[in-house]
Amino acid sequence: MIKELTEQLSLGTNLTIDQMSNVMDEILTGTQNDDDIAEFLKNLTRKGESDDELLAMLNKMEEFSLHISPNCKGKIIDVCGTGGDKLKTFNISTAASFVIAGAGGNVAKHGNRSISGISGSADIFEYFGFDLNSEPNKVNETIEKFGIGFMFAQKFHPAMKNVAKARKIVGGRTAFNLLGPLTNPAMVKNQLIGVFSEKYQEKIVKILQRKNAETVMAVRSADGMDELSTTCKNQICMLKNDTITKMTLDPQKVGLQKGNITDIQIRSKEDAIKSFITVLNNTANKTLNHFIERIKIYNEENFNYEIITIQLKRGKSIGR
């Protein structure tokens, strides 16, 4: 089947949900060879992924993954990005997640090791002693107790091992880069997602809308970061109350100091850890503003910005 569908993609024809679901069954069960999978993914990328194709892939990835269901007071969120901006910034989303948890929120953090950058969310959690191979029930308990826990993508999506070699053969972006942030094993309904390309922002939001998401923001800065940034204006596509809206955020117009991208770039894992700690201890400057702004804008109804700011000023983001 995969060769026939690859040919269909090469002609610029979209696959139906059933066609994509069937081929994903073959891919994730390991019944297809790596070269055929790689060719399929290349042609899908060249054609451009339709909403139906991505939705079918997402549904199958969730079907083959492990899941948790933390019982927490209030909503559970995730803050993550697609990666791929190649700007080598420190791990902003992970730092933001700790701030949210420190302020009383609940974060089911989903992520992996870094590919294009220096320090992925898994690298940060591992540095501080978190067992990346923790069983789902342990992660569930951690979120319930501390308001934050980490779901290592390789642990929670075991079937993705059947795609690993094919992705290396491709050697570039595939649909799986877009889908990673959407496959949170806690099935969160509220997310802030950094997107590497403006053309995918609305697409991601529409797909999550079809998955009954509640509040979602897909964001990208004008200078190319898959983040909300203080260095320039930001493009935002937001789902709220089942309505999708687009907006531009100028950080200076909401009272934030304009930053320089060099202030948040790192060269090594040691730099990444140092940046992470200084942000949480309130010894950073523009970097601190960078992700405070991200949290402030994200979900005013879920998080009290003043509480978060006070926590940061007092250096109380670590621990709960």
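Calculation criteria
Residues numbered from 1 in each chain as written. Predicted model: local features only at pLDDT ≥ 70, side-chain atom pairs only at ≥ 80, totals over all residues. Heavy atoms only, no water. Buried < 20%, exposed > 50% of the residue type's maximum accessible area, 1.4 Å probe, protein only. Helix = DSSP H or I, 4+ residues; strand = E, 2+ residues; numbered from the N terminus. Contact = heavy atoms within 4.5 Å. Pairing = 2+ DSSP bridges. Axes fitted to C-alpha atoms, helices over the stretch in contact; angles between N-to-C directions. Core = buried A, V, L, I, M, F, W, Y, C linked by side-chain atoms within 4.5 Å. Salt bridge = Lys/Arg side-chain N within 4 Å of Asp/Glu carboxyl O. Right-handed = clockwise from strand over helix to strand, strands pointing away.

> Got a sec to walk through helix α11 (residues 201–210)? Specific residues and values, please.
Every buried residue belonging to α11 is among Q201, K203, I204, V205, I207 and L208, and all of these are buried. As for α11, its buried residues are in contact with α4 (51–63), α10 (175–179), β4 (190–194), β5 (215–221), β6 (234–240) and β7 (243–249). Note on α11: the residue one or two positions beyond its end, N212, has a positive phi of about 65°.

> Please give an account of the sheet that holds β4 that cites residues and values.
Reading across from one edge, β3-β2-β1-β4-β5-β6-β7 is the order of the seven strands in this open sheet, with mixed pairing throughout. Looking at strand neighbours, the two that pair on one side only are β3 (148–152) and β7, the edges of this open sheet. Taken over all neighbouring pairs, the strand axes of this sheet differ in orientation by 20° on average, direction set aside. Helix α5 (residues 92–102) rests against β1 (76–81), β2 (106–111) and β3 of the sheet, and its axis sits at about 160° to β2. Contacts from α11 reach β4, β5, β6 and β7, with the element oriented near 15° to β6.

> Lay out the side chain of N184 with the relevant residues and their values.
You can see N184 is positioned in the loop between α10 and β4. A relative accessible area of 3% means that N184 is categorised as buried. Discounting chain neighbours no more than four positions away, the residues touching N184 are D78, A108, H110 and M151.

> I'd love a proper account of the nonpolar core, names of residues and values included.
Counting residues in hydrophobic clusters, the biggest one holds 44 residues, and the most contacted among them are M20, F40 and F176. Element by element, the count of residues in this core is highest for α4, at six residues. Dropping the residues within four chain positions of it, F176 is found in contact with M24, L41, M57, M61, M160, V163 and R167. If you look at the next biggest cluster of nonpolar residues, it comprises 43 residues, including F125, M217, M238 and I266.

> Which residues make up the pattern of salt bridges, and what are the values?
Across all of its chains, the model carries 13 salt bridges by this definition. If you follow the salt bridges from partner to partner, you end up with D25, K60 and E63 in one network.

> Now, about the pairing of β4: what can you tell me, with residues and values included?
By the criterion of burial, β4 is predominantly enclosed, with five of the five residues buried. The alternating pattern of β4 places N190, L192 and G194 and Q191 and I193 on opposite faces, both of which are buried. Inspection of the sheet shows β4 paired to β5 by five bridges, in the parallel sense. Of the residues in β5, the one forming a bridge with L192 is M217. The parallel pair β4 and β5, bridged by α11, forms a crossover whose chirality is right-handed.

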